Amino acid sequence: MNKKAKVGIIIDDYIVSKQIKDLIDLSRTSDIYDISCLVIQRINKPSTEKRSLITKITNRIQSTGLKRFIQDVCFQTITKCEKKLLKRSKRFRDFYEKHDLQDMEIESVEITPNVSKSGFVYRYDDNDLDKIKEKDLDILIRGGSGILRGDILDVCPRGIISFHHANNDVNRGGPPGFWEVFLRQPTTGFIIQILKDELDAGDVIYQGKGK
């Protein structure tokens, strides 16, 4: 019998979405691979507890611009409305449920990525890379935030798998599913790819679509 591939999954916290929990549960039924390690990204964020709402809004506009701020507020409002609608659906009412992976007793390693000024690009220092290497993983799954750059992409023999919400040949950029609806396309595409240093240039290993 062939040895199972050792897989790690990069996440932002032990509290994860239903989809991440389902993926880990699925791995436990597989004879091919096993998600045996959680790589927890701990982001150092300045404390904003004592700042007023007006100060927070002002700082956000200064850092991202007024247009981006308005876009973010609109998107968050739409997302909240969608959550309320989905909770009324028998089929999707648990879509936004959260799960605590600490209850699953999976081995974990905590790292602190270096985040770019834009807040989008994540890089790992040598110390954190060594922590991951010690786990002797065959491949990583990107299940957390950030556009991963640098040596983290090569820390495992088979690289890092990432899920992309859209058909790269047709639609690029978020939010997921928006452009398919806006352009009245009949299906929503997705790809699974091995990440590379260049954005949206990964090696596609699986591509599909759904209605």
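Residues numbered from 1 in each chain as written. Predicted model: local features only at pLDDT ≥ 70, side-chain atom pairs only at ≥ 80, totals over all residues. Heavy atoms only, no water.

Observations concerning the side chain of K21
No. 1: Considering the arrangement of structural elements, one finds K21 in helix α1 (residues 18-27).
No. 2: Reaching out from K21, the side chain makes a polar contact with the side chain of D25 at a distance of 2.8 Å.
No. 3: With residues up to four places along the chain from it excluded, the contact list for K21 reads V16, H99, L101 and M104. (Helix = DSSP H or I, 4+ residues; strand = E, 2+ residues; numbered from the N terminus. Polar contact = N/O pair within 3.5 Å; in protein donor to acceptor, adjacent residues only side chain to side chain. Contact = heavy atoms within 4.5 Å.)

Observations regarding the sheet that holds strand β7 (residues 121-123)
No. 1: Taking strand neighbours across the sheet as the criterion, the three strands line up as β6-β7-β9 in an open arrangement whose pairing is mixed. Taken across any chain shown, the strands that pair with only one partner, and hence form the sheet edges, are β6 (114-115) and β9 (147-148).
No. 2: Bridge count for β7 against β9 is two bridges, and the pairing is parallel. Bridge pairing in β9 places V121 opposite I147. (Pairing = 2+ DSSP bridges.)

Brief notes about a negative patch on the surface
No. 1: A surface patch of negative charge is lined by D125, D126, D130, E134, D151, D154, D197 and E198.
No. 2: Within the element layout of this structure, D197 appears in the loop between β11 (188-194) and β12 (203-210). (Patch = residues over 30% accessible without salt bridge, like charges linked within 9 Å, V, L, I, M, F, W, Y side chains within 5 Å. Areas by Shrake-Rupley, 256 points an atom, 1.4 Å probe, with all protein chains shown as cover. Salt bridge = Lys/Arg side-chain N within 4 Å of Asp/Glu carboxyl O. Lys, Arg positive; Asp, Glu negative; His and termini not counted. Charge placed at Lys NZ, Arg CZ, Asp CG, Glu CD.)

Thoughts on the nonpolar core
One recurring pattern in soluble globular proteins: nonpolar side chains tend to sit buried together.
No. 1: With 18 residues, the main nonpolar core has Y124, I132, L140, L148, I152 and I160 as its most contacted residues.
No. 2: Among the secondary structure elements, those contributing two or more residues to this core are β3 (33-41), β5 (107-111) and α4 (126-133).
No. 3: Ignoring sequence-local partners within four residues, the contact set of I160 consists of I10, L140, I141, R142, L148, I152, L153, Q193, I194 and L195.
No. 4: Counting 16 residues, the second largest nonpolar core, distinct from the first, contains Y14, I24, I40 and I194. (Core = buried A, V, L, I, M, F, W, Y, C linked by side-chain atoms within 4.5 Å. Buried < 20%, exposed > 50% of the residue type's maximum accessible area, 1.4 Å probe, protein only.)

A short note on a positive patch on the surface
No. 1: On the surface, K80, K83, K84, K87, R88 and K98 cluster together to form a positively charged patch.
No. 2: The residue R88 is located in the loop between α3 (66-87) and β4 (98-100) in this model.
No. 3: What makes R88 exposed here is its relative accessible area of 71%.

Side note on the pattern of salt bridges
No. 1: Under the criterion given, the structure shown has nine salt bridges.
No. 2: For D13, the salt bridge identified is with R42, shortest N-O distance 3.5 Å. Of the two residues, D13 is situated in the loop between β1 (5-11) and β2 (15-17) and R42 in the loop between β3 and α2 (53-64); the sequence distance between them amounts to 29 residues.
No. 3: For D13, a relative accessible area of 32% gives the class partly exposed.

Observations regarding the pairing of β11
Consecutive side chains of a regular strand alternate in pointing toward one face of the sheet and then the other.
No. 1: Bridge count between strand β10 (residues 160-164) and β11: four bridges; the pairing is antiparallel. Opposite H164, over in β11, you have I191 as the bridge partner.
No. 2: Looking at chain direction, β11 and β12 are connected through seven bridges and run antiparallel. Considered in β12, the bridge of I192 is made with Y206.

Quick word on the state of the cysteines
Between two cysteines, a covalent bond joining their sulfur atoms is known as a disulfide.
No. 1: Going through the model one piece at a time under the given rule, you end up with zero disulfides.
No. 2: Free of any disulfide, C74 has its nearest neighbouring cysteine sulfur in C81, separated by 11 Å.
No. 3: C156 takes part in no disulfide bond, and the closest cysteine sulfur to it belongs to C37, at a distance of 9.2 Å. (Disulfide = S-S within 2.5 Å.)

Observations concerning the environment of I35
No. 1: Following the sequence through the fold, I35 ends up in strand β3.
No. 2: A relative accessible area of 3% means that I35 is categorised as buried.
No. 3: Distance in space between the C-alpha atoms of I35 and G119 is 28 Å, their sequence separation being 84 residues.
No. 4: Residue contacts for I35: discarding those within four places in its chain leaves V7, I9, L23, I24, S27, I106 and I141.

Quick look at the environment of G146
No. 1: For G146, the location among the structural elements is in the loop between β8 (139-142) and β9.
No. 2: Taking the C-alpha atoms as reference points, G146 and G177, separated by 31 residues in sequence, lie 20 Å from one another.
No. 3: When residues no more than four places from it in sequence are discounted, the contact partners of G146 are F120 and Y122.

The analysis is restricted to geometry; functional conclusions fall outside its scope.
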